[in-house]
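Results of the structural survey
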Amino acid sequence: MATHEVVIAGAGPTGLMLAGELALAGVDVAVVEPRLSQELAGSRAGGLHARTIEVLDQRGIAERFLSRGQAMQVAGFSFISLDLSDFPARHQGLALWQNEIERILAEWVGELPVKLRRGRAVTDFTQDESGVGIQLSDGAALRASYLVGCDGGRSVVRKRAGIEFTGWDASTSYLIAEAEMDEDPAWGLRRGPRGVNAIGKLGDGKRHDVRAPDYDDWTTATAEGFAGLNGDILVWNPVLEDAFEISSMGIRVDAQTLTRQLALCGDEDRLQLEWHQSLLKGEMPQTIGGGIGQSRLTMLLLQLSHIGQVQCGVWPAQVKESVAGLL
Ligand SMILES: Cc1cc2nc3c(=O)[nH]c(=O)nc-3n(C[C@H](O)[C@H](O)[C@H](O)COP(=O)(O)OP(=O)(O)OC[C@H]3O[C@@H](n4cnc5c(N)ncnc54)[C@H](O)[C@@H]3O)c2cc1C
């Protein structure tokens with residue numbers, strides 16, 4: 001059984017930062033993370049405050065963030081912007097999406113002696129006088145002097161340790177949507193009779209998460225005037241801590257919808273692919289899904305974190321490397 005001084009559950013911003021700090025202090029540290037890469041679906045935090053940049057500066061890595069974001073004053077209180085320009089600090093703030101923040105932190109941690117165990121989650125632990133025994137979702141176990149729960153708001157480590165997360169019921173809710181617009185809207189924050197809303201531009205101008213244009217018809221309106229999921233079966237996956245589609249996938253659009261959706265997503269080059277061509281020429285039936293849905297259902301029932309644990313496939317070297325520990 002692998003043994004470390006510290007095992008961290010979770011490679012989000014908190015887990016990565018802690019791993020880096022411990023490694024710099026000469027501590028033998030491992031991180032367990034279900035996600036196979038640092039990618040996040042959708043937008044989350046949008047910037048760093050002055051104090052955070054100062055801490056990153058003390059570690060010699062502030063420039064990595066500054067060079068990829070936009071320096072600006074991001075401090076505010078109750079939607080009132082605060083002017084920090086006369087603060088005796090080198091940095092006032094930085095606009096940078098969490099996706100990018102996590103990517104940079106992971107690059108930094110990758111340069112340090114940190115063992116990053118991706119594709120598995122901490123499922124349980126037992127504590128005794130000399131340390132902690134840690135169970136992982138792939139059936140393996142680890143031993144450590146300390147286990148740190150950096151596994152997010154629904155933390156398994158926190159719950160298993162019996163630590164409550166008490167508070168008040170939410171009184172406000174927020175919705176984040178990413179969309180492509182034909183014209184520049186009025187940017188910025190506004191208050192209206194139905195609450196506060198803001199429109200901002202994504203750094204690279206591209207949406208983080210898009211629906212595949214060649215599965216499912218998500219553009220043809222129903223009789224009620226809705227277009228959307230089209231019968232997909234989505235469930236909560238507790239291992240991946242994410243929404244999970246278990247319905248069968250495959251080309252289930254007709255030629256007209258395929259052409260329209262590829263154009264909407266700017267993916268017209270896919271029209272030349274063999275599958276797509278067969279559908280366009282009427283040589284292939286509209287429904288060919290099945291395989292991946294069954295594999296995903298198996299993954300869910302066996303509580304596994306990667307599809308490669310339940311099916312065979314041909315993968316590029318980078319993918320093989322990231323799941324090597326699992327297979
Ligand atoms: C939609 C959305 C919008 C947000 N907007 C903002 C914003 O505008 N500004 C702001 O400051 N913050 C925002 N946040 C909050 C911000 O994203 C979080 O504060 C931040 O991600 C917390 O970092 P973390 O590392 O503590 O946890 P997380 O980012 O949640 O990371 C936890 C990690 O643990 C992993 N994990 C989960 N379970 C296990 C397990 N059992 N074993 C091992 N690993 C596990 C997860 O895969 C994940 O990588 C937003 C969050 C969301 C969801």
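All of the points below concern the structure found in this document. Given the structure is predicted, the values throughout are model-derived calculations rather than measurements.

1. Let's talk about the packing of helix 1 (residues 13-24) against helix 4 (residues 98-110)
Running from amino to carboxyl end, helix 1 crosses helix 4 at an angle of 25 degrees, the nearest separation of the two axes being 10 Å. Between helix 1 and helix 4, the crossing angle belongs to the class labelled roughly parallel. Here helix 1 runs over helix 4; the crossing is left-handed. Across the interface between the two elements, P13, L16, M17, G20, E21 and L24 of helix 1 pack against Q98, E102, L105, A106, W108 and V109 of helix 4.

2. Structural notes on the pairing of strand 15 (residues 242-245)
In the sheet, strand 14 (residues 234-237) pairs with strand 15 via 4 bridges, with the strands oriented antiparallel. Bridging from a neighbouring strand, W236 pairs with A243 of strand 15.

3. Some words on helix 2 (residues 50-58)
Taken as a whole, helix 2 has its buried residues at A50, I53 and L56. Down the axis of helix 2, the smallest arc covering the buried residues is 120 degrees, so these residues share one side. Among the exposed residues of helix 2, those oriented more than 90 degrees off its buried face are R51 and Q58. At its buried positions, helix 2 is contacted by helix 1, strand 3 (47-49), helix 3 (62-66) and strand 7 (93-95). Phi turns positive, to about 75 degrees, at G60, one or two residues after helix 2.

4. Details of the sheet that holds strand 1 (residues 2-9)
The strands making up a sheet associate through hydrogen bonds between their backbones, and the pairing can be parallel or antiparallel. As summarised here, the arrangement of the 6 strands in space is 8-2-1-11-10-9, forming an open sheet in which the pairing is mixed. At either end of the open sheet lies a strand with only one pairing partner, and these are strand 8 (114-118) and strand 9 (122-128). Taking the axes of each pair of neighbouring strands and ignoring which way they run, one obtains an average angle of 40 degrees across the sheet. Here strand 2 (residues 29-33) pairs with strand 8 via 5 bridges, running parallel. Across the sheet, residue V31 finds its bridge partner in strand 8, namely L116.

5. Brief notes about the sheet that holds strand 3
Read across the open sheet, the 3 strands follow the order 3-7-4; overall the sheet is antiparallel. What marks the edges here is a single partner per strand, and that holds for strand 3 and strand 4 (70-71). Note that strand 4 and strand 7 share 2 bridges and pair antiparallel. From the neighbouring strand, Q70 faces strand 7, where its bridge partner is A95. Packing of helix 2 onto the sheet brings it into contact with strand 3 and strand 7, and relative to strand 3 it is tilted by some 85 degrees.

6. Some remarks on the packing of aromatic side chains
Evaluated as defined, the whole model comprises 0 aromatic pairs. Its end group placed over the ring of F244, R296 keeps NZ or CZ at 5.7 Å from the ring centre.

7. Points about helix 6 (residues 255-264)
Of all the residues in helix 6, the buried ones are T257, L258, Q261 and L262. What you see down the axis of helix 6 is that its buried residues fit within an arc of 125 degrees, all on one side. Tucked inside the fold, the buried residues of helix 6 contact helix 7 (274-280). G266 lies just past helix 6 and shows a positive phi near 70 degrees.

The rules we used
Residues numbered from 1 in each chain as written. Predicted model: local features only at pLDDT ≥ 70, side-chain atom pairs only at ≥ 80, totals over all residues. Heavy atoms only, no water. Axes fitted to C-alpha atoms, helices over the stretch in contact; angles between N-to-C directions. Helix = DSSP H or I, 4+ residues; strand = E, 2+ residues; numbered from the N terminus. Parallel < 35°, antiparallel > 145°, perpendicular 65-115°, else oblique. Left-handed = near helix turned anticlockwise from the far one by under 90°. Contact = heavy atoms within 4.5 Å. Pairing = 2+ DSSP bridges. Buried < 20%, exposed > 50% of the residue type's maximum accessible area, 1.4 Å probe, protein only. Arc of directions from axis to C-beta. Phe/Tyr/Trp six-rings, centres within 6.5 Å; stacked < 30°, edge-to-face > 60°. Lys NZ or Arg CZ within 6 Å of the ring centre and 35° of its normal.

Purely spatial values, then, with no claim about function.
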